[in-house]
Amino acid sequence: MNRLRHFFLLSLLSFSFCAFSQSVRPTIIFQDMQSEDYPSARDRAKGLHEATLDLLVNANKVAIVTRSGEMWKAIENELAMKDFVDPRSAIDLGKMSGAKYLLVGNLTRVHHEEKIRTSGSTSERYFSATAFATLKILNLETGQFEKSFQAEVNATATDREEAIRSSLKLASQNLAGQVNKHFPVAARIDKQVSSNQVSITKGTADGLHEQEFYEVLSDDGHTVIGQVKITFAAEHGATARVLQGDVKNMAGKLAREPQAGNASVNVARVERIDGNHVVIDAGRDLNIQKGDAYKCVRTVDEKIGDHVNQKEEILGRIYITDVYPDYAEGKLYRGVGQLETGVQITESNEDRDARKRFVHVGYKSALSTTIEATKPTGIVTVRNENGEYTVDTSPLGTFQDIESIAVYTVGFGVKNLVKDLSTSLLFDIYRMDHLNNWIGRLEVLYELPLVPEKLHVTLGPSLGYGGLKQEIPASIIDEISKGKADKANASSIFFSGQAGLSWTQKRFVLSAAVSYDYMKFKKWKYDVAVEDETKNATAPATILPYSNVDLSGLYYNVGLSYLYHR
């Protein structure tokens, strides 16, 4: 009966872990950390186990099977696994569960003591804690211990419990790092995707992570022929930049984490900061290139349920401007004033974050521009293809000078945070009594930062093309156009230069500027019916309400932009 019971429990265990047995990653049973048999030691061992487990799960380089739930408790009782170290029983359990390895851990001890730190005439009391822990890897197929890891780490804090917690956290990082190094990830390079980049067949689901370095092996798998750095990792695929070797000869080759040392040991950091100018401690030695984009990051813990995930927090972004043998210089275009030296930088794989798209609305008005109305000249003669006409211009006497010019602007554009340039395509609608005007223009503004990322001086030109229509009294235009027209049209190029200020608050940019605009409308056309066709005829100045429309002059501008890609 007991044998049947054992068989049933082991079968249930096998069914529960069948998904793990299909993984290409090494599958590991992680036994609870052992410790001395008193409450505080057991609590610390439990905390060390959970922290190490979280790190292993987040790294995703191995598939973890943990003991939990009523089923595991029953199996512990039946197979006497509470102090489980017997390799022969481990082999049976490994075969049934699909796991290949067993992690056996022990928190040997945590030593803590109170100390006094003296600086000049002042002294400070603090606590020092040192955690001693071990992990052993047992191969469940051979019954042999493959590797033993040790961690001896120290931490200090003004509070004793905080010092102990910090030492245990450092110990978990040390142990998890050693386990991950013992199981290097290998992936196949798929193909070349650019002059210095390749695609890889595995991703985060298989333990690849951005900023890790991989060796590229020859066809026989014994010789290192190059090195790549993971710059983008999706769940089931990744992109890597070639640091060493011939990119054209890497398709189909095996890429493997370095067997000695950390795969991400070559990490670049910010060495010096001066405003928005930064120096990083790596250059051509890590194949950093001019035009590369990097993000400044730090890792923070985020607790989700019973697990603690590590989350990447972006502090700023850097665009590389100059590269030297062992260092590089760049422009900090996001996060000015928020960084400290020593912060780690990781490659963002593209500089799209340096370009922000926006929509814009604005208003401007002329400061001293007046459009003079045409004075009536009595009876005039007008000629076109239909002949010669006599026209009375007295109706023009009802038109007054235009002194109010209001312009409404809408458009969209792109702000380049690296080059401090904004490029916009804008459309202006003019409101001027009897005149209806529109302009399409391209505006380029250089933004000189006064307060980085907040306040800028803006300088730049605008170039475009516009059209203007003006109504002509029916008594003047009907006869000479054969009833075909009621307006005269003209066009002009537009040029403007402006200087102003802009203030950025999150996604909104408020701007104010003064500009000088050039735009003149002198040559006017109207439609005329000639037999069965419609043709353009030149309108003489004497029949137009406003014969010389000169919109050149000084304007004040206000606007609001919304950054919808930030």
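Residues numbered from 1 in each chain as written. Predicted model: local features only at pLDDT ≥ 70, side-chain atom pairs only at ≥ 80, totals over all residues. Heavy atoms only, no water.

Along the backbone of the protein chain there are 7 helices and 31 strands. Pairs at least 24 residues apart make up 66% of the contacts formed inside the protein chain by residues separated by at least 6 positions. When the accessible surface of the protein chain is summed, it comes to about 29,300 Å², and 50% of that surface belongs to carbon and sulfur atoms. (Helix = DSSP H or I, 4+ residues; strand = E, 2+ residues; numbered from the N terminus. Contact = heavy atoms within 4.5 Å. Areas by Shrake-Rupley, 256 points an atom, 1.4 Å probe, with all protein chains shown as cover.)

Relative to the helices and strands, Lys229 is located in strand β9 (residues 224-233). In contact with Lys229, other than residues within four places in its own chain, are Gln211, Glu212, Phe213, Thr239, Ala240, Arg241, Leu243, Tyr294 and Glu347.

Among the residues of helix α7 (residues 474-481), Ile476, Ile477, Ile480 and Ser481 are the ones counted as buried. Around the axis of α7, the buried residues are gathered within 90° of arc, so they sit on the same side. The outward face of α7, more than 90 degrees from its buried face, is lined by the exposed residues Ser475 and Glu479. Buried residues in α7 make contact with β19 (379-384), β20 (387-392) and β28 (525-530). Lys482 sits one or two residues past α7 and shows a positive phi near 60°. (Buried < 20%, exposed > 50% of the residue type's maximum accessible area, 1.4 Å probe, protein only. Arc of directions from axis to C-beta.)

Moving on, we get to the nonpolar core. Grouped together as the largest cluster of nonpolar side chains are 39 residues, with contacts concentrated most on Tyr430 and Leu551. For this core, the elements supplying multiple residues, two or more each, are β19, β20, β22 (421-432), β23 (435-451), α7, β25 (487-505) and β28. When neighbours within four sequence positions are excluded, Leu551 is seen to be in contact with Thr369, Ile371, Ile405, Tyr430, Met432, Asn437, Asp517, Met519 and Phe521. In terms of nonpolar packing, the next biggest core, distinct from the first, is built from 32 residues, Ile28, Phe30, Leu56 and Leu107 among them. (Core = buried A, V, L, I, M, F, W, Y, C linked by side-chain atoms within 4.5 Å.)

Attention now goes to the pairing of strand β18 (residues 355-366). For β18 and strand β21 (residues 406-416), the ladder comprises 11 bridges, and the chain directions are antiparallel. Note that in β21 the partner of Tyr363 across the bridge is Tyr408. The sheet contact formed by β18 and strand β31 (residues 553-563) spans 9 bridges and is antiparallel. Residue pairing across strands places Phe358 opposite Leu563, the latter belonging to β31. (Pairing = 2+ DSSP bridges.)

Turning our eyes to something else, we now look at the packing of aromatic side chains. This structure, assessed with the given rule, holds 6 aromatic pairs. Taking 6.1 Å as the distance between ring centres and 85° as the angle between the ring planes, the aromatic pair formed by Phe399 and Tyr546 counts as edge-to-face. Of this pair, Phe399 sits in the loop between β20 and β21 while Tyr546 sits in the loop between β29 (533-538) and β30 (549-550), placing them 147 residues apart in sequence. Phe399 gets classed as buried once you look at its relative accessible area, which sits at 12%. (Phe/Tyr/Trp six-rings, centres within 6.5 Å; stacked < 30°, edge-to-face > 60°.)

Fair warning: the whole summary comes from geometry, so function is off the table for now.
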